[in-house]
Amino acid sequence: MGNTYVIVAETKGGRLRQVSLEAIHAAALASHEEDKRIALLLGHQLKEAADELARYTEVILIDHPDLASYQAEIYFAALTQALDPIQPYAVIFGHTAIGRDLAPQIAAHLNAGQISDVTAISGSGDAIAYTRPLYAGKAFENRQFSSSPQVITIRPNNIAPAQPASTSSSITELSYTPSTSLRSVIKEVVSKSAGRIDLTEAKVVVSGGRGVKSKAGFQPLEELAEVLQGAVGASRGACDAGYCDYSLQIGQTGKVVTPEIYIACGISGAIQHLAGMSQSRIIIAINKDPEAPIFKVADYGIVGDLFEVVPILAEEFRKLLCAPN
Ligand SMILES: Cc1cc2nc3c(=O)[nH]c(=O)nc-3n(C[C@H](O)[C@H](O)[C@H](O)COP(=O)(O)OP(=O)(O)OC[C@H]3O[C@@H](n4cnc5c(N)ncnc54)[C@H](O)[C@@H]3O)c2cc1C
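Just so you know, these numbers come straight off a predicted model, no measurement behind them.

1. Overview of the overall build of the chain
A count of helices and strands for the chain gives 9 helices and 17 strands. Here the C-alpha atoms of the chain give a radius of gyration of 21 Å, agreeing with the 20 Å that 2.2 N^0.38 yields for 325 residues. When its C-alpha atoms are laid out on the principal axes, the chain stretches across 60 × 45 × 45 Å. Going through the 325 residues of the chain one by one, you find that 48% of them count as buried. Sequence separation of at least 24 residues holds for 62% of the intrachain contacts in the chain that already meet a minimum separation of 6. Taking the average location of the 27 positive side-chain charges in the chain and that of its 34 negative ones, the two points are 5 Å from each other.

2. Describing helix α4 (residues 97-110)
When the terminal C-alpha atoms of α4 are compared, their 20 Å separation across 14 residues agrees well with the 20 Å that a helix rising 1.5 Å per residue should span. When the local axis directions of α4 are compared, the greatest deviation, roughly 25°, occurs at Ala103, which is followed within four positions by the proline Pro104. For α4, the full list of buried residues reads Gly99, Leu102, Ala103, Ile106, Ala107 and Leu110. Looking at the buried positions of α4, the neighbouring elements they touch are α3 (72-86), β6 (90-94), β7 (113-118) and β11 (150-154). Looking one or two places after α4, you find Asn111, whose phi comes out positive at around 55°.

3. Regarding the pairing of strand β13 (residues 204-208)
Counting buried residues along β13, 5 of its 5 residues qualify, which places the element largely inside the surrounding structure. The alternating pattern of β13 places Val204, Val206 and Gly208 on one face and Val205 and Ser207 on the opposite face, and all of these are buried. Where β13 meets strand β15 (residues 261-265), 5 bridges bridge the pair, whose relative direction is parallel. Note that in β15 the partner of Ser207 across the bridge is Ala264. Where β13 meets strand β14 (residues 231-234), 4 bridges bridge the pair, whose relative direction is parallel. The partner of Val206 across the bridge, within β14, is Val232. The parallel pair β13 and β14 is bridged by helix α5 (residues 219-227), and the resulting crossover is right-handed.

4. Examining α3
With 15 residues, α3 extends 21 Å from end C-alpha to end C-alpha; this agrees with the ideal 21 Å at 1.5 Å per step. At Thr80, α3 shows its maximal kink, close to 25°. Of all the residues in α3, the buried ones are Ile74, Tyr75, Ala77, Ala78, Leu79, Thr80, Ala82 and Leu83. As for α3, its buried residues are in contact with β1 (4-9), β4 (36-43), β5 (58-63), β6 and α4. Of the residues flanking the end of α3, it is Gln87, one or two places downstream, whose phi is positive at about 50°.

5. Things to note about the domain arrangement of the chain
The domain boundaries assigned to the chain delineate domain 1 (4-173) and domain 2 (204-322). Distance between the C-alpha centres of domain 1 and domain 2: 31 Å. Domain 1 puts 8 residues into the contact, and the matching count from domain 2 is 7 residues. Regarding the contact of domain 1 and domain 2, the summed buried area is about 610 Å², with carbon and sulfur atoms giving 48% of it. Connecting domain 1 to domain 2 are 0 salt bridges. For the interface between domain 1 and domain 2, the tally reads 2 residue pairs in polar contact (both at pLDDT 80 or more). Of the residues that constitute the side of domain 1 that touches domain 2, the class distribution is 3 nonpolar, 3 polar and 2 charged.

What counts and how
- Residue numbering note: each chain is counted from 1, following its sequence as written.
- Where totals are concerned, whole chains, interfaces and linings use all residues; where local detail is concerned, this predicted model gives features only for residues with pLDDT of at least 70, and gives and counts side-chain atom pairs only at 80 or more.
- For side-chain calculations, the full set of non-hydrogen atoms in the structure is used, while hydrogens and water are omitted.
- Strands here are runs of E lasting at least two residues and helices are runs of H or I lasting at least four, both read from the DSSP assignment and numbered beginning at the N terminus.
- Restricting the calculation to C-alpha atoms gives the radius of gyration, and the globule rule supplies 2.2 Å times the number of residues raised to the power 0.38.
- Summary of the burial criterion: residues with accessible area below 20% of their type's maximum are buried, those above 50% are exposed, and those between are partly exposed, where the area comes from a 1.4 Å probe applied to protein chains only.
- Residues are treated as being in contact if the distance between any of their heavy atoms lies within 4.5 Å.
- Think of it this way: Lys and Arg go in the positive column, Asp and Glu in the negative one, and His and the chain ends go nowhere.
- For the purpose of locating charges, the reference atoms are NZ of Lys, CZ of Arg, CG of Asp and CD of Glu.
- Here, expected helix span is obtained from the residue count minus one, scaled by 1.5 Å.
- To get the bend at any residue, fit one axis to the seven residues that end at it and another to the seven that begin at it, then take the angle between the two axes.
- A pair of strands is treated as paired once DSSP finds two or more bridges between them.
- Call a crossover right-handed when, viewed with both strands pointing away from you, the route from the first strand across the helix to the second goes clockwise.
- Domain segmentation is taken from an automatic or database assignment of domains.
- Two parts placed together each lose some accessible area under a 1.4 Å probe, and the buried area is that loss summed for both.
- For this document, the term salt bridge refers to a Lys or Arg side-chain nitrogen within 4 Å of an Asp or Glu carboxyl oxygen.
- Two N or O atoms form a polar contact when they lie within 3.5 Å of each other; inside protein one atom must be a possible hydrogen donor and the other a possible acceptor, and for residues adjacent in sequence the pair counts only when both atoms belong to side chains.
- Note on residue classes: Ala, Val, Leu, Ile, Met, Phe, Trp, Tyr, Cys and Pro are nonpolar, Asp, Glu, Lys and Arg are charged, and everything else, Gly too, is polar.

Written out as structure tokens, the structure reads:
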């Protein structure tokens with residue numbers, strides 16, 4: 001009998017998050033053929049997400065009204081009720097807000113080692129190495145576990161998602177016994193980003209800096225992002241100036257993104273901003289200062305006024321992407 005790898009899957013708006021499919025692939029990369037891989041899905045009214053998940057791997061579903069919104073205390077209780085009988089060899093989370101919150105608690109509960117923010121998995125057998133960034137992405141280290149259980153969080157958009165199997169796996173429903181001694185309860189969740197593509201999972205991010213000069217200055221960036229089916233981000237400079245909400249901030253004290261294309265518009269390229277985007281696959285910088293540090297990390301640079309360049313890009317991409325075949 002092999003070891004059991006548990007992937008803690010996540011949903012957003014009832015839909016499975018891409019990072020959960022990446023975590024399933026991560027489990028496949030880290031485990032042996034004979035090992036067992038189970039996705040654990042917690043939430044409420046998640047039948048569709050569970051069915052979709054079962055196309056990739058065996059599923060354990062805990063569906064309960066108390067789990068409708070994330071709350072650390074309740075999720076921890078539900079998760080440990082499911083994990084304790086399994087005695088997993090490894091538990092894999094996405095390096096998301098929920099994963100970052102829960103993984104250390106679960107590691108402490110299981111007395112497990114933890115490797116966080118994994119961007120790649122290499123090696124085989126007992127020599128599996130987990131790559132993770134250091135010093136705000138300036139260096140990478142390879143880490144190995146020397147014992148089990150193991151707790152891992154993987155950074156979204158870095159490990160390829162798993163491919164669906166030809167047949168669906170089983171879904172087992174587990175009951176959850178609510179705790180009677182909660183120290184806090186969620187009354188309401190107020191979402192600021194309803195309907196928007198999640199910044200950390202977007203394939204294209206169009207970001208604005210202080211160079212956009214005003215709230216209205218973000219409009220051309222919104223249009224470019226829409227054409228490219230991407231998300232809008234920002235530097236802290238733009239957030240501090242009140243041009244946009246802090247939920248868009250990318251960087252050391254903001255979100256970390258690793259899209260396929262990152263378009264930095266009117267952003268100087270301060271080290272704290274680079275910490276959040278320098279691992280993007282292709283970086284395009286638009287800045288009117290040819291000496292701006294952002295050009296040092298950019299794959300393509302356009303020296304010019306963003307208010308002239310961005311609408312032209314949007315128009316040209318629109319023609320290309322909307323052209324009939
Ligand atoms: C502890 C700490 C944590 C921080 N965390 C973060 C973080 O998480 N994220 C972050 O981003 N920053 C962070 N910062 C702030 C960071 O140091 C910079 O101040 C900030 O990134 C600068 O934002 P900016 O590039 O938009 O603005 P600026 O540095 O003012 O750059 C604006 C750029 O726009 C260009 N520009 C102006 N007009 C135009 C135009 N019309 N067309 C084209 N280009 C134009 C200019 O040439 C300039 O390069 C942090 C700082 C500290 C001290």
